[in-house]
Amino acid sequence: MSAPRLEIHLEHLQHNATTMVNRLARQGIKVTGVSKATLGLPEIVRTWVAAGVHSIGESRIESIESLSRCELGVPLLLIRSPMLSQVDRVVAHAAISCNSEAVVLKALAAAAHCQGVRHGVLLMVELGDLREGILAADLEAMVLLTLALPNLLLVGIGTNLGCQNGVAPDEANMGELSRLIEALERRFGIRLEWCSGGNSANLPWLTGGGDRGRINHLRLGEALLLGREPLSRTAIPGLYTDAITLVAEVIESKRKPSRAWGTRHCTSFANGPVAPQKQPDQPMAMRALLALGEQDADPAGLSAPGINIEGASSDHLVVSGAAEALAPGDEQRFQVSYSSLLRAMTSPFVSRCFIGGPA
Ligand SMILES: *Cc1c(COP(=O)(O)O)cnc(C)c1O
């Protein structure tokens, strides 16, 4: 089999999705499976649909378009605000998009009118993480605009925390989202279907017994793919954290001095050394070189029991520790972080191999 490769265990992914969908259903919460870290890989997305996700979320229109050709039978949600230059493609292929700009809403309405379709709008509210979202004070005006635009259907409001500044969902910000949706419903005499509380970072707050208030929807990527919640990167009980692993091949294995020698400056991917520059008589240690680099995965997001990652450049990963036992031609498996997974999925050099079909 070729290396490097991502090994994707479809039954374990389906287990993760079924477990989360069922757990959250008991709390009245529907799940959108967010497949962006896999570039909308149809094999994975199909297991999620089989597991009962309500819809599929993607950040890029290209992935929405290819998923729309898969005829999954569930709505496709564009989770990044549409580019003004792409509104035609958005209304043609996404059932719903997340929005925070009046000018984009107007363009979406015009495009939907031309195409004779109705486009769903989820208005994103800024609750402290400082990425996308309308400030609470401006929300009412944006709702008024959305309701007034023909060919748009306001499906609800949502927020996104954790991704930009690591702000945790808690009683305060989640309570505010619930209060905002209720105020809007009273003000406009409407009922909004979705109160979308956030992403995998919302799970600790929910499992901690937080009052879910009006929250009835989450958009989950990392939890389903890697079985972890992103705020502290802890494993979610009952989920597989190794449903997707990265396998690389050893190309050199030698006993070498354990410190670099010579005058040291910047490396290809980092600034100058922090360790003392010259230390004679370093003990020798086994090091293995793997054919895997920054072009294939985020080295900081790789882990394997007993393996120390000494460093990486474009095409090489240097490891020590349990690397003792590695010889050229051997394969080493790593667990991946979200950023490592994203980069591996994006690299043309990393192949994918599936274990187990969709159940
Ligand atoms: C990426 C993203 C998600 C999914 O985040 P996870 O932490 O992977 O669950 C949800 N919503 C939005 C808006 C996103 O950008």
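Per an unreviewed UniProt entry, the recorded name for the protein chain is Alanine racemase, and the organism is Cyanobium usitatum str. Tous. Turning to the protein chain, the UniProt record has this under Cofactor (unreviewed entry): "pyridoxal 5'-phosphate".

What follows covers the UniProt feature "domain: Alanine racemase N-terminal" (unreviewed entry) in the protein chain. UniProt feature "domain: Alanine racemase N-terminal" (unreviewed entry): in the numbering of this structure it lies at residues 8-225. Helix and strand shares over residues 8-225 are 44% and 19% respectively, and the end C-alpha atoms of the span are 10 Å apart.

Turning our eyes to something else, we now look at the packing of helix 5 (residues 102-115) against helix 6 (residues 136-148). At their nearest, the axes of helix 5 and helix 6 sit 10 Å apart, and the two run at 10 degrees to each other. Of the possible angle classes, the one that applies to helix 5 and helix 6 is roughly parallel. Packed against helix 5, whose contacting residues are Ala102, Leu105 and Lys106, the element helix 6 presents Met142, Leu145 and Thr146 at the interface. A per-class count over the contact of helix 5 with helix 6 returns 4 nonpolar, 1 polar and 1 charged.

Reading around the circumference, 2-3-4-5-6-7-8-9 is the order of the 8 strands in this closed barrel, with parallel pairing throughout. Within the sheet, the average angular offset between the axes of one strand and its neighbour, ignoring direction, is 30 degrees. Bridge count for strand 8 (residues 194-198) against strand 9 (residues 217-220) is 2 bridges, and the pairing is parallel. Counterpart to Ser196 in the pairing with strand 9 is His217.

What follows deals with the site of the ligand. By nearness alone, 14 residues border the ligand, and Lys36, Ser200, Arg219, Gly221 and Glu222 come closest of all. For the ligand, a nitrogen atom lies 3.3 Å from a polar atom in the side chain of Asn160. Take Glu222: an N or O atom from its main chain is 2.8 Å from an oxygen atom of the ligand. The fraction of the free accessible surface of the ligand (390 Å²) that becomes covered by protein chains is 95%. Across the shell around the ligand, the residue classes break down as 5 nonpolar, 4 polar and 5 charged.

Looking now at the pattern of salt bridges. For the coordinates displayed, the defined rule picks out 11 salt bridges. Between Glu132 and Arg131 there is a salt bridge, and its shortest N-O distance comes to 2.6 Å. Residue classification places Glu132 among the buried residues on the basis of a relative accessible area of 16%. As a salt-bridge pair, Glu182 and Arg214 come within 3.7 Å of each other at their nearest N and O atoms.

Buried residues of helix 10 (residues 338-346): Ser340, Leu341, Ala344 and Met345, and no others. Mapping the buried residues of helix 10 onto a view down its axis gives an arc of 130 degrees, with all of them on the same face.

Looking at the protein chain, the domain boundaries give domain 1 (10-226) and domain 2 (244-355). If you average the C-alpha positions of domain 1 and of domain 2, the two centres end up 37 Å apart. Of the roughly 1,100 Å² buried at the junction of domain 1 and domain 2 (both faces included), carbon and sulfur atoms supply 74%. In this structure, the connection of domain 1 to domain 2 is made through 0 salt bridges. Secondary structure elements with two or more residues in the side of domain 1 that touches domain 2: helix 1 (10-25), helix 2 (42-51) and helix 9 (222-226). A breakdown of the residues in the side of domain 1 that touches domain 2 according to their chemical character gives 8 nonpolar, 1 polar and 4 charged.

Another point: the pairing of strand 9. Alternating residues of strand 9 divide into His217 and Arg219 and Leu218 and Leu220, and every residue in both groups is buried. With 4 bridges connecting them, strand 2 (residues 30-34) and strand 9 associate as parallel partners. Across the sheet, the residue bridging to Thr32 is Arg219, located in strand 9.

Parameters and conventions
- Residues numbered from 1 in each chain as written.
- Predicted model: local features only at pLDDT ≥ 70, side-chain atom pairs only at ≥ 80, totals over all residues.
- Heavy atoms only, no water.
- UniProt positions renumbered as here; feature names shortened; annotations may be inferred.
- Helix = DSSP H or I, 4+ residues; strand = E, 2+ residues; numbered from the N terminus.
- Axes fitted to C-alpha atoms, helices over the stretch in contact; angles between N-to-C directions.
- Parallel < 35°, antiparallel > 145°, perpendicular 65-115°, else oblique.
- Contact = heavy atoms within 4.5 Å.
- Nonpolar A, V, L, I, M, F, W, Y, C, P; charged D, E, K, R; others polar.
- Pairing = 2+ DSSP bridges.
- Near = heavy atom within 4 Å.
- Polar contact = N/O pair within 3.5 Å; in protein donor to acceptor, adjacent residues only side chain to side chain.
- Areas by Shrake-Rupley, 256 points an atom, 1.4 Å probe, with all protein chains shown as cover.
- Salt bridge = Lys/Arg side-chain N within 4 Å of Asp/Glu carboxyl O.
- Buried < 20%, exposed > 50% of the residue type's maximum accessible area, 1.4 Å probe, protein only.
- Arc of directions from axis to C-beta.
- Domains from an automatic or database assignment.
- Buried area = accessible area lost by both parts, 1.4 Å probe.

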